Amino acid sequence: MSKLGDIILAFPDAPAPSDRITPHDCAECDDIARDLTDKTPRDIPGQVLQRRYDSLPLLSPAAWRYLLPAYLDYAASNPESELATMLIINLDCESSWGGEEAGTVPRCFLLSTTERAAVASCLAGFRSKWDEPEDAEQRDQIKDRVMKTQDCFRVSSDSKEEPNDV
Ligand SMILES: [Zn+2]
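Please read these numbers as outputs of a predicted model, since none were measured by experiment. (Residues numbered from 1 in each chain as written. Predicted model: local features only at pLDDT ≥ 70, side-chain atom pairs only at ≥ 80, totals over all residues.)

A. Representation of the overall build of the chain within the structure. From N to C terminus, the chain includes seven helices and two strands. For the chain, the succession of helices and strands along the chain, N to C, is α-α-α-α-α-β-β-α-α. Looking at the chain as a whole, 33% of its 166 residues are labelled buried. Expressed as a percentage of contacts within the chain between residues at least 6 apart in sequence, the contacts between residues at least 24 apart total 68%. (Helix = DSSP H or I, 4+ residues; strand = E, 2+ residues; numbered from the N terminus. Buried ≥ 20, exposed ≤ 12 C-beta atoms within 10 Å, placed from the backbone. Contact = placed C-beta atoms within 7 Å.)

In structure tokens, the structure reads:
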């Protein structure tokens, strides 16, 4: 089974969002909603993902969780893409949703253990992208960020479940 298949399979239970997928009201969010509403992670065209490469932070928590596999999938297949770079940044575990509708919830806590493990595994794959740097300083920054985020997805999955020592 491909890694891509694993990613999608790790997210079988995320419900399709029932509310507007971009809670904010502005032209950009309208455009994002137009592109991504009623899409499943499997049927967003690559061109749409490319156009919406940086839209994850503007999605509602439910829409973020539901559509994340599409972004992970695209990034895993296209590690040199802008989408992959932005995904690494947007997965930062310290980013959270403020506001009444979401509460202040670190994004990684919205995911199940299986989902978090899939994200961590996907991030591990991205790290190879930075092994041959053109810009050593940028490489180190991004590697650092990937490792930190990867750890967060692992730690959060460990801390939320009953310990099952390895
Ligand atoms: Zn907006």
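B. Spotlight on the nonpolar core. One finds Leu67, Tyr71, Leu72, Ala75, Val119 and Cys122 to be the most contacted residues of the largest nonpolar core, which totals 36 residues. Of all the elements in the fold, those that place two or more residues in this core are helix H2 (27-36), helix H4 (61-77), helix H5 (82-90) and helix H6 (113-127). Tallying contributions element by element places H4 first for this core, with 11 residues. (Core = buried A, V, L, I, M, F, W, Y, C linked by C-beta atoms within 7 Å.)

C. Molecular detail of unusual backbone geometry. Unlike most non-glycine residues, aspartate 38 shows phi in positive territory, near 65 degrees. A count of 9 C-beta atoms within 10 Å places aspartate 38 in the exposed class.

D. Looking closely at the environment of tyrosine 74. Within the element layout of this structure, tyrosine 74 appears in helix H4. Remark: the alpha-carbon pair of tyrosine 74 and glutamine 50, spanning 24 residues in sequence, is separated by 9.0 Å. If near-sequence neighbours (up to four positions away) are discounted, tyrosine 74 is found in contact with Gly46, Leu49 and Leu83.

E. Here's a closer look at the confidence of the model for the chain. Across the chain, the average pLDDT comes to 76, with 70% of residues at 70 or higher. Scored below 50 in pLDDT, residues 98-103 makes four contacts in the model with residues more than four places away or belonging to other chains. Every residue in residues 155-166 is under pLDDT 50, and counting partners more than four places away or in other chains gives eight contacts. (pLDDT = per-residue confidence, 0-100.)

F. A look at the packing of H4 against H5. With their axes 8 Å apart at the nearest point, H4 and H5 run at an angle of 125 degrees to one another. Accordingly, the angle class assigned to the pair H4 and H5 is oblique. The handedness of the crossing between H4 and H5 comes out as left-handed. Facing Tyr71, Tyr74 and Ala75 of H4, the residues of H5 in contact are Leu83, Ala84 and Leu87. Per-class residue counts for the contact of H4 with H5 are six nonpolar, no polar and no charged. (Axes fitted to C-alpha atoms, helices over the stretch in contact; angles between N-to-C directions. Parallel < 35°, antiparallel > 145°, perpendicular 65-115°, else oblique. Left-handed = near helix turned anticlockwise from the far one by under 90°. Nonpolar A, V, L, I, M, F, W, Y, C, P; charged D, E, K, R; others polar.)

G. Expanded view of H2. Regarding H2, the residues found buried are Ile32, Ala33 and Leu36. Projection of H2 onto a plane perpendicular to its axis shows the buried side chains occupying an angular sector of 100 degrees, all on one side. Pointing more than 90 degrees away from the buried face of H2 are the exposed residues Ala27 and Arg34. Contact partners of the buried residues in H2: H4. Downstream of H2 by one or two residues, aspartate 38 has phi in the positive range, about 65 degrees. (Arc of directions from axis to C-beta.)

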